[in-house]
Amino acid sequence: MALTDRLTGLFRRFRSFVLRREVEVVGHCLCCGRCCRSIRLSEEGRWLRHVSEFERLVIEAPGLGRFVPLKRDEQGFLTFDCTMLGEDNLCIRHGSRLSLCRNYPSKSLYYQGGRTLKGCGYSYRAVTFRDVLLGRKPLKPSDFSAALRREIEQEQDNRK
């Protein structure tokens, strides 16, 4: 993970903790297929850098075999395309897609310093320090247990 992504993710987690407000995913899918192309995959919170890491991961979670390594991005991380993306930008296995796909964009991506893709119908909405200081948003307890449940489900699906 690039240093800027790590720092951004740390700041986002810190802000969420202090303000007791979890990020929201807003918007809807535009069926553009961008989330299925040139994506990064992670293992234990680290983006994959080597094909050997990916091959080992596929042995543990065969469902990930639907992804094909393409190249390295500008930060040295492997990027992947999904082989289940049809010509119409729709998943040909939509009913049996991985939780990684069902949960896109995940809140964990945001807390790792990630962002949604340009032109994607989804975005993240986070309460800022300014929002709270100016009284636009109150402090409230966050529900990290729901995010944790989603992460556990995703890990279980990846191991299938």
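Residues numbered from 1 in each chain as written. Predicted model: local features only at pLDDT ≥ 70, side-chain atom pairs only at ≥ 80, totals over all residues. Heavy atoms only, no water.

1. A look at the overall build of the protein chain
Of the regular secondary structure elements, the protein chain holds six helices and six strands. Here the protein chain has a C-alpha radius of gyration of 17 Å; the compact-globule value for 160 residues is 15 Å, and the two agree. Expressed along its principal axes, the backbone C-alpha trace of the protein chain runs to roughly 50 × 30 × 30 Å. The buried share of the protein chain, reckoned over its 160 residues, is 35%. For the protein chain, long-range pairs separated by at least 24 residues make up 69% of all intrachain contacts whose partners lie at least 6 apart in sequence. Here the protein chain displays about 10,100 Å² of accessible surface, and carbon together with sulfur accounts for 55% of that area. Charged side chains in the protein chain number 30 positive and 19 negative. The centres of these two groups are separated by 7 Å. (Helix = DSSP H or I, 4+ residues; strand = E, 2+ residues; numbered from the N terminus. Rg over C-alpha atoms; globule rule 2.2 N^0.38 Å. Buried < 20%, exposed > 50% of the residue type's maximum accessible area, 1.4 Å probe, protein only. Contact = heavy atoms within 4.5 Å. Areas by Shrake-Rupley, 256 points an atom, 1.4 Å probe, with all protein chains shown as cover. Lys, Arg positive; Asp, Glu negative; His and termini not counted. Charge placed at Lys NZ, Arg CZ, Asp CG, Glu CD.)

2. Some thoughts on the packing of aromatic side chains
Here a ring pair, both rings aromatic, is described through the centre-centre distance and the interplanar angle of the planes. The final tally for this structure, using the stated rule, is five aromatic pairs. An angle of 80° between the planes, with centres 5.3 Å apart, marks the rings of Y110 and Y111 as edge-to-face. Note on Y110: relative accessible area 6%, which makes it buried. Y111 gets classed as buried once you look at its relative accessible area, which sits at 10%. Taking the ring centre of Y110 as reference, the NZ or CZ of R12 above it sits at 4.1 Å. (Phe/Tyr/Trp six-rings, centres within 6.5 Å; stacked < 30°, edge-to-face > 60°. Lys NZ or Arg CZ within 6 Å of the ring centre and 35° of its normal.)

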